[in-house]
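These are the residues of each chain, in order.
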Amino acid sequence: MEQRLTPAPKTRFRLLPHDWRSQTGMSIALWIGAFFMIVPFVWMLTTSLSRKADVSMPRTPSLWPPDPSLFNYKIATDNLPIIRLYLNSLIVVGATTAGYLFFCSLAGYAFAKGRFPFKSTLFVLFLATLFIPFETRMIPLYLFMGQVHLTNTYFALILPFLAGGFGTFLMRQTISGIPDELVDAARIDGASEFRIFWTIILPLCRPTLATLAIINVIWRWNDVLWPLLVTSDSSLYTVTQGLALEGHSQGTYTGVALATAVLAIGPVIVAYLFLQRYVIRSVVSSGVKG
Amino acid sequence: MTPESASSSHDPGVVARLRRAFRGTLVWYGFVLPPLFLILVFIGYPTAIAFEQSVFTQVPGGGQKFAGTFHFERLITDRVFWGALGNTILLGVAFLVIIIPLATILASMLNRVRRGATPLKVIYFLPQLTSSVAIAIMFNYVFQPDWGLLNGALRAIGVNQLPLWLADPRYDLTGSRAAATILAVWAGLGYFIIIVLAGLQAIPTDLYDAAAIDGASPLQSWWYVTLPSLRPTFIFLIITGSIDQLARFSDLWTLGGPGGSPARSLQSIVMYIFQQGFVGSDFSLAAAAAVVFFMIVLVVTTIAFWGFLRREFSAVR
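All figures in this text were calculated on a predicted structure; none of them were measured in a lab. (Residues numbered from 1 in each chain as written. Chains lettered and ligands numbered in written order. Predicted model: local features only at pLDDT ≥ 70, side-chain atom pairs only at ≥ 80, totals over all residues. Heavy atoms only, no water.)

Peer 1: Quick question: what am I supposed to make of the packing of aromatic side chains here?
Peer 2: One pass over the structure, following the stated rule, counts 41 aromatic pairs over all chains. Ring geometry for Tyr 142 of chain A versus Phe 278 of chain B: centroids 5.2 Å apart, planes at 75 degrees, classification edge-to-face. Here Phe 278 of chain B lies in helix H13 (residues 269–279) and Tyr 142 of chain A lies in helix H6 (residues 134–147), a pairing that spans two chains. Ring geometry for Phe 161 of chain A and Trp 226 of chain A: centres 6.4 Å apart, planes at 80 degrees, overall edge-to-face. You can see Phe 161 of chain A sitting in the loop between helix H7 (154–158) and helix H8 (165–176) and its partner Trp 226 of chain A sitting in helix H12 (residues 225–230), a full 65 residues away along the chain. (Phe/Tyr/Trp six-rings, centres within 6.5 Å; stacked < 30°, edge-to-face > 60°. Helix = DSSP H or I, 4+ residues; strand = E, 2+ residues; numbered from the N terminus.)

What follows is the structure, encoded as structure tokens:
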């Protein structure tokens, strides 16, 4: 079929492009796949809006609530101070991201443009941290936080994530690409090294900083392992942690558990829909899974 | 006039030289030391302690005594540890074997389809932004045997023998491990598709032109041109995916608690460390497991870093 279609005279009028069959086939396959990606979300939303869901669920899943009600959301917000959780997550994610960008840029600048003894040794040391999975050191780190009396404080959630090998490496790569002449010109004008860093280098690194920020926000927002270790005080729970613990205890109340999940992920998904271009680009350019 | 100001006004050269020397070297330590301090305290120190604890026994009431390989022997004779390690590897391999071909096919279609590629990409990537805890809570109900979304749909299309999914700890294709793998593939698909898409877009078009001149059909050029050209992408995904899967925790913990219920069928190695160290306060055993975990990840990361990641990172400018 394909063979015979190809040498068709160019002047022939076509209502459809020559590859309409493969295009339609691919579209159908992709949208079926997309349906499977979406449908659990829709079902979750439907179930969370159904008051009966806590008592009995329909044997055949429904994608529209038979008895729309915000009852489950009321119970969910009564059980869990969701505003407080969001505030905690924002504090922790905001502080770690600001700190991570700042400290990784500091080190990245020194390793890219500086000249000082032990530079390469120190750089290797920074890179070596990439080889140490967090899970290896989490129990000693948790014990250490106890020794310095920081468990159940924001500090315990923030301090361990303020600097790291990945960010330093990425920043060094980016800053290395900035011409030395730019830095030298500023030096001749008498600018201090920190001023050069702050007013010339950082603005030029904006795309990389954005990438690093997005990746770090995803990491920290979704982390549950570390908060589970260092915070047992429910007023310090992050959104993900609160959801993990509440989801467990609400296991039998399907509607409430799913309403909690919707409250925990809804705002993130809305933010993603607005920022999706940047989010996807960041993940592609760094190769790092959020 | 104080001596300092006198010297600076009389000999500006010394100050200038000092200032230059400071700017030349010392100032850089001002940049490096704060992050270095953070890394030493929060990464270096606890890692060293993990290694130390693995060869010492904590004495009740403080202090510790040298234990040699005792805790490692306890570890390798612990069937729970082997179960957790086995689960981690099995789940990781099953995940990669399914997700890489699936993502490659979907990404190849997404790359060629002329309409709707952007909304499709956004949809496939959506679970990636959802915390694995929320996904696990959701799938806990999706896999519910009586009225869950999956079994409900299966019943609607006429399946009579409905699987038990998460309630079935056996090694079968409808058991808890299978359910956990379906969950992981669903959640990770977007990331894999996005990375394969980036790989596809990096393939030079003249390769396809050459294939077309040789009379290759679209399917043939996909098989003989696209797939071999994606080799670096596949290597990257296999290595980073393995590291990621080795550290799997939050979703399995949400589904089955630290013990990985049912019957420890969902316990991963990180959950084992968490359970021994945090729940059971057996810090030495947890440290021994953490050291073994470190070694496994080190082997994979070394391959990743020198073979591939270095090039991958340097592409980011």
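Peer 1: Can you help me understand helix H10 (residues 218–229) of chain B in this one?
Peer 2: Each turn of an α-helix holds 3.6 residues, which means side chains three or four residues apart point in the same direction. Turning to H10 of chain B, its buried residues are Ser 221, Val 225, Thr 226 and Leu 227 of chain B. On its buried face, H10 of chain B sits against helix H4 (79–112), helix H8 (176–201), helix H9 (205–213) and helix H11 (231–246) of chain B. (Buried < 20%, exposed > 50% of the residue type's maximum accessible area, 1.4 Å probe, protein only. Contact = heavy atoms within 4.5 Å.)

Peer 1: What should I look at first to understand a nonpolar patch on the surface in this one?
Peer 2: All names here are of chain B. On the surface, Ile 89, Val 93, Val 97, Ile 98 and Leu 102 cluster together into a nonpolar patch covering about 420 Å² of accessible area. Mapped onto the elements of the fold, Val 93 is located in helix H4. Val 93 sits in the partly exposed class, given a relative accessible area of 47%. (Patch = residues over 30% accessible without salt bridge, like charges linked within 9 Å, V, L, I, M, F, W, Y side chains within 5 Å. Areas by Shrake-Rupley, 256 points an atom, 1.4 Å probe, with all protein chains shown as cover. Salt bridge = Lys/Arg side-chain N within 4 Å of Asp/Glu carboxyl O.)

Peer 1: What am I meant to see in the confidence of the model for chain A here?
Peer 2: Detailed reading of predicted coordinates is not advised where the pLDDT is low. Per-residue pLDDT for chain A averages 89, and the proportion of residues at 70 or more is 93%. The least confident element of chain A, judged by mean pLDDT, is helix H1 (residues 2–5) of chain A at 48; the most confident is H7 of chain A at 97. (pLDDT = per-residue confidence, 0-100.)

Peer 1: It is not clear to me how the pattern of salt bridges should be interpreted in this structure. Could you clarify?
Peer 2: Two side chains that carry opposite charge are able to pair once their charged atoms sit near each other. By the definition in use, this model includes 10 salt bridges over all chains. Ionic contacts of the salt-bridge type, sharing partners, join the residues Asp 184, Arg 187 and Glu 193 of chain A into one network.

Peer 1: Looking at this structure, I do not really get the interface of chain A and chain B. What am I missing?
Peer 2: A common measure of how large an interface is: the accessible area buried when the components associate. Taken residue by residue, the interface counts 105 residues in chain A and 91 residues in chain B. Interface area, chain A with chain B, both sides summed: about 9,200 Å², of which 78% is carbon and sulfur. Contact with chain B buries area across many residues of chain A, yet Leu 30, Met 37 and Phe 131 of chain A alone supply 9% of it, more than any other trio. Summed over the shared surface of chain A and chain B, the result is 1 salt bridge. (Buried area = accessible area lost by both parts, 1.4 Å probe.)

Peer 1: How should I be thinking about the state of the cysteines in this particular structure?
Peer 2: Put plainly, two cysteines are in a disulfide when a covalent bond ties their sulfur atoms together. Residues and elements named next belong to chain A. Under the definition given, this model contains 0 disulfides over all chains. Cysteine Cys 104 shares no disulfide, and the gap to the nearest cysteine sulfur, in Cys 205, comes to 12 Å. Taking relative accessible area as the criterion, Cys 104 reaches 0% and is therefore assigned buried. (Disulfide = S-S within 2.5 Å.)

Peer 1: Any chance you could explain the side chain of Gln 267 of chain B here in plain terms?
Peer 2: All names here are of chain B. Along the chain, Gln 267 falls in the loop between helix H12 (250–256) and H13. Taking the relative accessible area as the measure of exposure, Gln 267 reaches 1% and is therefore buried. Within the structure, Gln 267 has its side chain in polar contact with the backbone oxygen of Pro 258 (distance 3.0 Å). A polar atom in the side chain of Gln 267 sits 2.8 Å from the side chain of Gln 275. (Polar contact = N/O pair within 3.5 Å; in protein donor to acceptor, adjacent residues only side chain to side chain.)

Peer 1: Can you walk me through the packing of H6 of chain A against H13 of chain B in this structure?
Peer 2: Think of two packed helices as two axes; the pair is described by the angle between the axes and how far apart they sit. Running from N to C, H6 of chain A and H13 of chain B cross one another at 15 degrees; their axes reach a closest spacing of 10 Å. Here H6 of chain A is positioned roughly parallel relative to H13 of chain B, judged by the angle of their axes. As for how H6 of chain A packs across H13 of chain B, the hand of that crossing is right-handed. For the pair formed by H6 of chain A and H13 of chain B, the contact residues are Glu 135, Met 138, Ile 139 and Tyr 142 of chain A on the first element and Val 270, Ile 273, Phe 274, Gly 277 and Phe 278 of chain B on the second. (Axes fitted to C-alpha atoms, helices over the stretch in contact; angles between N-to-C directions. Parallel < 35°, antiparallel > 145°, perpendicular 65-115°, else oblique. Left-handed = near helix turned anticlockwise from the far one by under 90°.)

Peer 1: Would you mind showing me how to read the environment of Ala 156 of chain A here?
Peer 2: All names here are of chain A. Here Ala 156 lies in helix H7. Note: C-alpha distance between Ala 156 and Tyr 142 (14 residues apart in sequence) is 8.7 Å. In contact with Ala 156, other than residues within four places in its own chain, are Met 145, Leu 150, Thr 151, Trp 226 and Val 230.

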